[in-house]
Amino acid sequence: MHGQAVFATHGTVVLDGELPRPPEHDSARSSPLPHAIPLVTQQVDERARRAHADALVVGGDEWACNALIRRLPHTLRDKVVRVGGRTPTDTGRALLEQQLDGVFRGRMAAHDRELVDIFIGRRALAGPMTEGLAATVAALQRGQVAALLLNRPPGSSLQLWAGSQPTQLALAEAELMSFGVRAPREERADEALVRALVGTGAELVVVPESELRLYEGVGALLRYTDPGTPS
């Protein structure tokens, strides 16, 4: 199900746009300027939903911005961030980029914040999580990691041993060889971890130490625990 927005002038259709969903009721209007707000607000809402947007940055003419924001769904209206001056000419591109940098610097995505809060709760209740490099690598070996949390990306000096499969990684070569992995190789930890995450369908969250200090800078939310889960 979808809707249709049709604009015509002097007997000619100049725009035939598809709405992501039907409007609440059919309407027609004749005026010197097109009534495009319903179309714009649905395009914006649909794109924000698809992108799982955490913020909607609005700038430009003050009247147009207010008209747009008033028509947005409440769930999206709460995510609006206003930038710029009263009119488009009040804010140059360079200044706008500075404002956007200030808006998003250090801002955690809502989904990442939710994962961090879950980790904190599980840590307090000894739930399915792990912390520290050795325990986290062991959980990745077992495909247990739902989300990997890092205080900072591993430096180039930190190395892990890896085999041909995403879950074949370890702190020491002998450990992989004991698993029957042939010719393990030493790789950068960041590259080995990313491959393990992609190969097992796990998420990655980089969280500042000011938000959550992790033992050895690394931890994980686990999909499950069993007697073999490292502590």
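The structure we're discussing is the one just above.
Residues numbered from 1 in each chain as written. Predicted model: local features only at pLDDT ≥ 70, side-chain atom pairs only at ≥ 80, totals over all residues. Heavy atoms only, no water.

### Focus on the overall build of the protein chain
Turning to step 1, where the next piece is worked out: When helices and strands are tallied, the protein chain shows eight helices and eleven strands.
Turning to step 2, where the next piece is worked out: The buried share among the 231 residues of the protein chain stands at 33%.
Turning to step 3, where the next piece is worked out: Counted over contacts in the protein chain with a minimum sequence separation of 6, partners at least 24 positions apart contribute 65%.
Turning to step 4, where the next piece is worked out: Element-wise, carbon and sulfur atoms account for 53% of the exposed surface of the protein chain, whose accessible area totals about 14500 Å². (Helix = DSSP H or I, 4+ residues; strand = E, 2+ residues; numbered from the N terminus. Buried < 20%, exposed > 50% of the residue type's maximum accessible area, 1.4 Å probe, protein only. Contact = heavy atoms within 4.5 Å. Areas by Shrake-Rupley, 256 points an atom, 1.4 Å probe, with all protein chains shown as cover.)

### Considering the sheet that holds strand β9 (residues 185-188)
By way of backbone hydrogen bonds, the strands of a sheet pair with one another, either parallel or antiparallel.
Turning to step 1, where the next piece is worked out: An order of β8-β7-β9 is seen for the three strands of this open sheet, with the pairing classed as antiparallel. The open sheet terminates on both sides in strands that have one partner only, identified here as β8 (169-170) and β9.
Turning to step 2, where the next piece is worked out: As paired strands, strand β7 (residues 159-162) and β8 are joined by two bridges and run antiparallel to one another. When the sheet's bridge partners are listed, A162 is paired in β8 with L169.
Turning to step 3, where the next piece is worked out: Packing of helix α8 (residues 189-200) onto the sheet brings it into contact with β7, β8 and β9, and relative to β9 it is tilted by some 95°. (Pairing = 2+ DSSP bridges. Axes fitted to C-alpha atoms, helices over the stretch in contact; angles between N-to-C directions.)

### Digging into the side chain of Q141
Turning to step 1, where the next piece is worked out: Here Q141 lies in helix α6 (residues 133-141).
Turning to step 2, where the next piece is worked out: For Q141, the side chain forms a polar contact with the side chain of E175, separated by 3.2 Å. (Polar contact = N/O pair within 3.5 Å; in protein donor to acceptor, adjacent residues only side chain to side chain.)

### Some details on the sheet that holds strand β5 (residues 129-131)
Turning to step 1, where the next piece is worked out: Here we have four strands laid out as an open sheet, ordered β5-β11-β6-β10, and mixed in their pairing. Looking at the sheet topology across the chains shown, the edges are occupied by β5 and β10 (203-206). This sheet shows a mean twist of 20° between the axes of neighbouring strands, independent of strand direction.
Turning to step 2, where the next piece is worked out: Strand direction decides the pairing type here: strand β6 (residues 145-150) and β10, joined by four bridges, are parallel. Among the inter-strand pairings, L150 is bridged to a residue of β10, identified as V206.

### Some points on the environment of L221
Turning to step 1, where the next piece is worked out: Along the polypeptide, L221 turns up in strand β11 (residues 218-222).
Turning to step 2, where the next piece is worked out: We classify L221 as buried; its relative accessible area is 4%.
Turning to step 3, where the next piece is worked out: Once the C-alpha coordinates of L221 and T130 are considered, the two residues, 91 residues apart in sequence, prove to be 6.7 Å apart.

### Quick look at unusual backbone geometry
Turning to step 1, where the next piece is worked out: A positive phi angle is found at A126, which is not glycine, with a value near 55°.
Turning to step 2, where the next piece is worked out: Here A126 is to be found in the loop between α5 (110-124) and β5.
Turning to step 3, where the next piece is worked out: Residue A183 is not a glycine yet carries a positive backbone phi of 50°.
Turning to step 4, where the next piece is worked out: Along the chain, the position of A183 falls in the loop between α7 (173-178) and β9.
Turning to step 5, where the next piece is worked out: What makes A183 exposed here is its relative accessible area of 69%.

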